[in-house]
Amino acid sequence: MLKRFLCIGTAVLTALLSACTANKDKIDISEIGEGLTIYSFSAGKADAELIYSEDWAVLIDCGEKGFGKEIVAYMEENGIKKLDYLIITHFDKDHVGGAAKVLKECEVGTVLQSNSPKEGNEYENYLEALDKKGMTAQTVREVLNFTLGEATFTVDPPAQEVYDKDPSNNSSLITSVTLGDVDMLFAGDAENERLAEFNANNDKVYRFVKVPYHGHWQKQLKPFAEKIKADIAVITCSDEEPEDEETVSLFKKCGAEVFLTRKNAVIAKCDGKNIAAEYEK
């Protein structure tokens with residue numbers, strides 16, 4: 001009888017702990033007060049995230065060539081007249097491709113870029129657009145902080161100048177944003193070496209994460225997801241190159257609601273106390 005009671009009790013406890021891990025209290029986006037918005041574009045297997053408030057805006061990556069017009073259109077529709085910062089996490093074409101159009105059409109304050117150039121038409125177009133604008137991008141080699149309104153941004157550079165494996169992805173800038181009590185993370189295309197660096201130095205919980213490398217499974221994702229304990233995880237992916245199910249399962253087990261940009265653009269709002277997200281309607 002005692003053995004049966006212990007087995008039942010263990011099963012109930014396991015179920016409760018599992019529920020606590022997988023189902024954090026969900027807040028509707030309509031309940032979020034004034035603060036900032038994160039718009040993760042549905043850009044195929046490419047990254048473009050616009051973080052903005054009434055008074056400032058930051059764009060992290062620009063999708064592939066031709067996608068810049070979508071970014072510019074969204075900015076115009078939402079009354080965003082200037083990018084205070086444009087951050088190019090690394091120079092793969094699905095991150096820098098739309099940058100030339102954005103630079104041509106938008107007022108841009110500061111451009112931050114990775115330290116690992118990658119030759120290609122998209123990169124050359126980006127350099128040409130900077131030149132025509134009379135701008136010089138700042139290559140981030142040391143941790144860089146800046147504040148816009150009440151939000152603090154930290155841009156974390158790769159520890160190595162060159163990586164033996166996956167040098168472009170592992171050169172990704174990783175950007176964190178803090179508003180009040182909420183930390184948010186944008187991990188570029190960081191792969192195992194870069195994630196290992198980040199994991200070794202990170203002691204924060206991030207309520208929102210832009211999952212690295214389009215949701216491709218890699219061994220360093222497990223300690224990454226377990227440390228950051230995100231409520232919201234956004235994966236930039238496409239029907240042709242979908243996310244790995246193992247990645248989705250991991251972030252769900254760690255307590256995140258997972259959004260896939262192949263389904264639609266994702267809108268998140270944060271007021272400094274709470275954060276919530278939904279697919280664009």
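Every value quoted in this text rests on a predicted model; they were computed, and no experiment measured them.

(A) Highlighting the pairing of strand β4 (residues 82-88). Extensive coverage of β4 is indicated by the burial of six of its seven residues. Bridge count for β4 against strand β5 (residues 107-113) is six bridges, and the pairing is parallel. Each residue of the ladder has a partner; that of Leu 86, found in β5, is Val 111.

(B) Fine view of the side chain of Thr 261. For Thr 261, the position within the fold is in the loop between β13 (257-260) and β14 (266-270). Not counting chain neighbours up to four residues away, the residues in contact with Thr 261 comprise Ser 40, Phe 41, Ser 42, Gly 44, Val 234, Ile 235, Thr 236, Cys 237 and Val 266.

(C) Quick look at the pattern of salt bridges. In total, this model carries 14 salt bridges according to the counting rule given. Where Arg 194 meets Asp 156, a salt bridge forms, and the shortest distance between an N and an O atom there is 3.0 Å. Of this pair, Arg 194 sits in helix α6 (residues 192-201) while Asp 156 is found in strand β8 (residues 151-156), placing the two residues 38 residues apart along the sequence. The class for Arg 194 is buried, based on a relative accessible area of 1%. By sharing partners, the salt bridges in this structure join Asp 156, Arg 194 and Glu 197 into a single network.

(D) Structural context of the packing of aromatic side chains. Evaluated as defined, the whole model comprises 15 aromatic pairs. Taking 3.7 Å as the distance between ring centres and 10° as the angle between the ring planes, the aromatic pair formed by Tyr 85 and Phe 146 counts as stacked. Residue Tyr 85 is located in strand β4, and its partner Phe 146 is located in strand β7 (residues 144-148); the two are separated by 61 residues in the primary sequence. Residue Tyr 85 is classed as buried on the basis of its relative accessible area, which comes to 17%. An aromatic cluster is built from Tyr 39, Phe 41, Tyr 52, Phe 67 and Tyr 74, whose rings are joined through pairwise contacts.

(E) Representation of the confidence of the model for the protein chain. Averaged over all residues, the pLDDT of the protein chain equals 92, while 91% of them reach at least 70. Here residues 1-23 is a poorly scored stretch, pLDDT under 50, and it has six contacts once near neighbours within four places are set aside; other chains count.

(F) View of the sheet that holds strand β6 (residues 138-139). Read from one edge to the other, the open sheet built from eight strands follows the order β6-β5-β4-β3-β2-β1-β14-β15, with strand pairing classed as mixed. Strands with a single pairing partner mark the edges of an open sheet, and in this sheet they are β6 and β15 (275-279).

(G) Geometry of the sheet that holds strand β10 (residues 182-186). Across the sheet, seven strands lie side by side as β7-β8-β9-β10-β11-β12-β13; this open sheet has mixed pairing. Two strands lie at the open edges of the sheet, namely β7 and β13, each paired on one side alone. In this sheet, neighbouring strand axes are inclined to one another by 15° on average, regardless of whether the strands run parallel or antiparallel. Bridge count for strand β12 (residues 232-235) against β13 is four bridges, and the pairing is parallel.

(H) Inspection of unusual backbone geometry at higher detail. For Asp 61, which is not glycine, the phi torsion reads 70° and is therefore positive. Among the structural elements, Asp 61 can be located in the loop between β3 (57-60) and α2 (68-77). Judged by its relative accessible area of 0%, Asp 61 is buried. Not every positive phi belongs to a glycine, and Lys 229 is a case in point at roughly 55°. Relative to the helices and strands, Lys 229 is located in the loop between α7 (221-228) and β12. For Lys 229, a relative accessible area of 42% gives the class partly exposed.

Rules used in this analysis
- Residues numbered from 1 in each chain as written.
- Predicted model: local features only at pLDDT ≥ 70, side-chain atom pairs only at ≥ 80, totals over all residues.
- Heavy atoms only, no water.
- Buried < 20%, exposed > 50% of the residue type's maximum accessible area, 1.4 Å probe, protein only.
- Helix = DSSP H or I, 4+ residues; strand = E, 2+ residues; numbered from the N terminus.
- Pairing = 2+ DSSP bridges.
- Contact = heavy atoms within 4.5 Å.
- Salt bridge = Lys/Arg side-chain N within 4 Å of Asp/Glu carboxyl O.
- Phe/Tyr/Trp six-rings, centres within 6.5 Å; stacked < 30°, edge-to-face > 60°.
- pLDDT = per-residue confidence, 0-100.
- Axes fitted to C-alpha atoms, helices over the stretch in contact; angles between N-to-C directions.

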